[in-house]
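If you want the building blocks of each chain, they are given just below.
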Amino acid sequence: MRRSFAVALERYGYEVRAAADGLTGLEIFRENAFDLLVLDVMLPGLDGIGLCRRVRETSLVPVLMMSARGDGLDVVAGLEAGADDYVVKPVETYVLVARMRSLLRRATYAPAPAPGRTTGGAGPAEGGGGPGEGDVLEFGDLRIDTAGMEVFVSDRLVALTPTELKLLLAFAAHPGVVLERHTLLRDVWEYGWDGDSRVVDLCVQRLRRKLGRDRIETVRGFGYKFRR
């Protein structure tokens, strides 16, 4: 499977480095610069979940997990370890490539510019539209610099993965508004179909750990609301 995916991805124009086990993968990762990691949960030696945790100690590179059990604990454990998304084996190459492209777009994401608009306060709470290029959005002790793509809590820089940052920007564009999970799946994960809401729930949990548990409110039966 590893060899067949490597050949298929190279045909799509990607440069691929493959590893047969987690420890070798970690060594290759530390010696090279990568735009994206695809990790199988069932790697020998150091499994994909453990490898993801080790990667997250030093890097925010996008991570796509592959699991043979779509409804099992592997998915939750992988997302809790810091993965951005997952696919269930067996998976068609075009589906894998679509998920990879979505992750790569998130890694280079920038808010659409809003000409003539600068914000020194609550930003999206004033007027319509989302955060624009050059905005600094402030919500209490939380400050989001959308030009520098940096987030601060009490003037302390907080490291967010590309997915976490895009999810936060989606919330910040609609403070006080309940956003349903399927809306977030469409806008952040770019799912053109009903996806697994666990990716949203686990990413929200990671944001809460980094930004404060009271920042994002759960609205049972609907979704989430970002507090002003």
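Starting afresh in each chain, residues are numbered from 1 along the sequence in its written order. Two thresholds apply to this predicted model, a pLDDT of at least 70 for residue-level local features and 80 or more for giving and counting side-chain atom pairs, whereas whole-chain, interface and lining totals are computed over all residues. Processing note: side-chain calculations cover all non-hydrogen atoms of the structure and skip hydrogens and water entirely.

Asks: What should I look at first to understand the layout of surface pockets in this one?
Replies: It is a probe the size of a water molecule, rolled over the atoms, that shows where empty space is left. Reported here for the largest pocket is a volume of approximately 940 Å³. Residue lining of the largest pocket: 36 residues in total, with Val16, Arg17, Ala18, Leu37 and Val38 positioned closest to the centre. Secondary-structure elements contributing two or more residues to the lining of the largest pocket are helix H1 (2-11), helix H2 (22-31), strand S1 (37-40), helix H3 (48-56) and helix H5 (93-107). Grouping the constituent residues of the lining of the largest pocket by class yields 27 nonpolar, two polar and seven charged. The method works on a 1 Å grid over the protein atoms by themselves. A cavity is a set of points holding a 1.4 Å probe that cannot get out, a pocket is an open set with protein on both sides within 12 Å along at least five of seven lines, and residues with an atom within 4 Å of a point line them. Grid points are joined across faces, edges and corners, and a volume is the space filled by probe spheres set on the points. Under the DSSP-based scheme used, a helix requires at least four consecutive residues in state H or I and a strand at least two consecutive residues in state E, with every element numbered from the N terminus. Ten residues, namely Ala, Val, Leu, Ile, Met, Phe, Trp, Tyr, Cys and Pro, are considered nonpolar, four, namely Asp, Glu, Lys and Arg, are considered charged, and the remaining ones, Gly among them, are considered polar.

Asks: In this structure, what is going on with the pattern of salt bridges? I would like to understand it.
Replies: Side-chain pairs of opposite charge can arise where the charged atoms are in close proximity. Any carboxyl oxygen of Asp or Glu that lies within 4 Å of a side-chain nitrogen of Lys or Arg is treated as forming a salt bridge with it. Following the criterion strictly, the structure yields 14 salt bridges and no others. Between aspartate 141 and arginine 215 there is a salt bridge, and its shortest N-O distance comes to 2.6 Å. Remark: arginine 215 occurs in the loop between helix H8 (198-211) and strand S9 (216-219) and aspartate 141 occurs in the loop between strand S4 (136-139) and strand S5 (142-145); sequence separation between them is 74 residues. Across the pair arginine 198 and aspartate 196 runs a salt bridge whose closest N-O atoms are separated by 2.6 Å. Overlapping salt bridges bring together Arg105, Lys166 and Glu190 as one network.

Asks: Even after reading the chapter, I still don't get the side chain of aspartate 201, so can you show me in this structure?
Replies: Take aspartate 201: it is sitting in helix H8. There is a polar contact of 2.8 Å between the side chain of aspartate 201 and the side chain of arginine 181. Between N or O atoms, a polar contact is any pair within 3.5 Å; within protein, one atom must be a potential hydrogen donor and the other a potential acceptor, and residues adjacent in sequence are included only when both atoms are from side chains.

Asks: Sorry if this is basic, but what is going on with the environment of alanine 77 here?
Replies: Checked against the element boundaries, alanine 77 lands in helix H4 (residues 73-80). With 28 residues separating them in the primary sequence, alanine 77 and isoleucine 49 have C-alpha atoms 6.8 Å apart.

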